[in-house]
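Observations on chain architecture
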Amino acid sequence: MVDDNARDLAICQALKAADEVAAALQAHLIEEHGADPERAAAEGPATHSFTLLRHARERIGQGLRAVEADNISGADAVSLRNR
């Protein structure tokens, strides 16, 4: 059976990986599709996708805070920064 620390570390790593993918997609939307990262930006397909990714990243951050990722060895500040 996996101990709690190993499970939390695995959850943390999975959430960080998902956050990194979302960050890459956000960068792609800005650079290649002209999405406006401002919350008050005009609606458009790229901006709508950017908004969905922002919401996903906020939920990922909540998950990381729930497992106290900043207290788990191997955690870093990349996925924990405030968005």
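Overview of the structure. Since the structure is predicted, the reported quantities are computational estimates derived from the model, not experimental observations.

Digging into helix α1 (residues 4–33)
In an α-helix, one turn spans 3.6 residues; hence positions three or four apart end up facing the same way. Between its first and last C-alpha, α1 extends 42 Å over 30 residues, near the 44 Å set by a 1.5 Å rise per residue. If you check which residues of α1 are buried, you get D8, C12, K16, D19, A22, Q26 and L29. The positive-phi residue at the C-terminal boundary of α1 is G34, with phi of around 70 degrees.

Structural notes on the pattern of salt bridges
It is possible for side chains bearing opposite charge to pair when their charged atoms get close. As enumerated under the stated definition, the model contains 3 salt bridges in all. The residue D8 makes a salt bridge to R7 at a minimum N-O spacing of 3.3 Å. Residue classification places R7 among the partly exposed residues on the basis of a relative accessible area of 41%. Close ionic contact of D19 with R57 constitutes a salt bridge, the shortest N to O distance being 2.7 Å.

About the thresholds
Residues numbered from 1 in each chain as written. Predicted model: local features only at pLDDT ≥ 70, side-chain atom pairs only at ≥ 80, totals over all residues. Heavy atoms only, no water. Helix = DSSP H or I, 4+ residues; strand = E, 2+ residues; numbered from the N terminus. Expected span 1.5 Å × (residues − 1). Buried < 20%, exposed > 50% of the residue type's maximum accessible area, 1.4 Å probe, protein only. Salt bridge = Lys/Arg side-chain N within 4 Å of Asp/Glu carboxyl O.

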